[in-house]
Amino acid sequence: LRYVLENGIINRAAIVKEMMMEDRDRYLKMHTYKIWEGADGYWRTKVIDTDRLKLIKRKELYSLEDAIVKHYKDHEEVYTFRDIFNSWMERQEICGRSPNTISKYIFDYNRFFKGYPIETRDIKRIDDVILSKHIVQVLTEKPIKWRALKDIYGYIRGIFEKCVRDRLIPRDSN
């Protein structure tokens, strides 16, 4: 990667700009209200602000989009992997899992996730690459039997299924 960047094969600024545009597009897709241009030449839309609609008005469309993105960034709730695991654990207790099973889940969480970067990462920002890196990191640091690795996959699957059910992340269309 260093070679590619140093020799100008990949333009770092272009990559950063592309990532920012993707992030911007993601926030704009969250906006479901109509955007219109008024007779006075100002662009308008509405956003929800503390349980009521708030009108946003800007002279330029791009400026209005900036305000929309800022609004959604400011109001976005962050759910970490740890938060979702704790919520998933509560669900397991409600479903009647035995105290021994709950203890095993907690022990495994402390062994495979606690203290790793994935623990505090926003669940919406965890993709297959992050998961792969995490699993490789755990496997290189600790001797793990096949059964324990299957348990890790089971926890990850359970946590992400909960996120889909709670509509924190979209269901994979593939």
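Criteria and thresholds
- Residues numbered from 1 in each chain as written.
- Predicted model: local features only at pLDDT ≥ 70, side-chain atom pairs only at ≥ 80, totals over all residues.
- Heavy atoms only, no water.
- Helix = DSSP H or I, 4+ residues; strand = E, 2+ residues; numbered from the N terminus.
- Contact = heavy atoms within 4.5 Å.
- Core = buried A, V, L, I, M, F, W, Y, C linked by side-chain atoms within 4.5 Å.
- Buried < 20%, exposed > 50% of the residue type's maximum accessible area, 1.4 Å probe, protein only.
- Phe/Tyr/Trp six-rings, centres within 6.5 Å; stacked < 30°, edge-to-face > 60°.
- Lys NZ or Arg CZ within 6 Å of the ring centre and 35° of its normal.
- Expected span 1.5 Å × (residues − 1).
- Arc of directions from axis to C-beta.
- Pairing = 2+ DSSP bridges.
- Axes fitted to C-alpha atoms, helices over the stretch in contact; angles between N-to-C directions.

*Asks:* Even after reading the chapter, I still don't get the environment of isoleucine 84, so can you show me in this structure?
*Replies:* With respect to the element layout, isoleucine 84 can be found in helix H4 (residues 81-94). In this structure the C-alpha to C-alpha distance between isoleucine 84 and phenylalanine 160, which are 76 residues apart in sequence, comes to 8.5 Å. In contact with isoleucine 84, not counting residues within four places along its chain, are Tyr79, Ile123, Ile159, Lys162, Cys163 and Leu168.

*Asks:* Teacher, can you tell me more about the nonpolar core here?
*Replies:* One recurring pattern in soluble globular proteins is that nonpolar side chains are buried together. In terms of nonpolar packing, the biggest core is built from 29 residues, with Phe81, Phe113, Ile123 and Ile152 touching the most fellow members. Among the secondary structure elements, those contributing two or more residues to this core are H4, helix H5 (99-112), helix H6 (128-141) and helix H7 (146-165). If you tally residues by element for this core, the top one is H7, at nine residues. Beyond its immediate sequence surroundings of up to four residues, isoleucine 123 is in contact with Tyr79, Thr80, Phe81, Ile84, Ile159, Phe160, Cys163 and Ile169.

*Asks:* Help me understand the packing of aromatic side chains in this model?
*Replies:* Aromatic ring pairs: the centre-centre distance and the angle between the two ring planes describe each pair. As enumerated under the stated definition, the model contains seven aromatic pairs in all. Judged by centre distance (5.8 Å) and plane angle (40°), the rings of phenylalanine 85 and tryptophan 88 are tilted. One end of the pair, phenylalanine 85, and the other, tryptophan 88, are both in helix H4, three residues apart, so they sit about a helical turn from each other. The same class applies to phenylalanine 85 and to tryptophan 88, which are both buried. Accessibility expressed as a relative area gives 8% for tryptophan 88, which makes it buried. Of the aromatic side chains, those joined through ring pairs into one cluster are Phe81, Phe85, Trp88, Tyr105, Tyr109, Phe113 and Tyr155. One Lys or Arg, arginine 24, reaches over the ring of tyrosine 62 and ends 4.0 Å from the middle of that ring. Taking the ring centre of tyrosine 42 as reference, the NZ or CZ of lysine 59 above it sits at 5.0 Å.

*Asks:* It is not clear to me how H4 should be interpreted in this structure. Could you clarify?
*Replies:* Count 3.6 residues to each turn of an α-helix, and residues three or four apart come out pointing the same way. Between its first and last C-alpha, H4 extends 20 Å over 14 residues, near the 20 Å set by a 1.5 Å rise per residue. All of the buried residues along H4 are Phe81, Ile84, Phe85, Trp88, Met89 and Gln92. Down the axis of H4, the sector holding all buried residues measures 145°, keeping them to one side. Of the surrounding secondary structure, the elements contacted by the buried residues of H4 are H5 and H7.

*Asks:* Honestly, the sheet that holds strand S2 (residues 43-49) in this entry has me stumped. Any pointers?
*Replies:* If you trace the three strands from one edge of the open sheet to the other, you get S1-S2-S3, paired in antiparallel fashion. Two strands lie at the open edges of the sheet, namely strand S1 (36-37) and strand S3 (52-58), each paired on one side alone. Relative to S3, S2 is paired through seven bridges, and the arrangement is antiparallel. Residue aspartate 49 lies in a different strand from S3, and its bridge partner there is arginine 52. Sheet strands in contact with helix H3 (residues 61-75) are S2 and S3, and its direction is about 5° off that of S2.

Nothing here speaks to function; it is geometry throughout.
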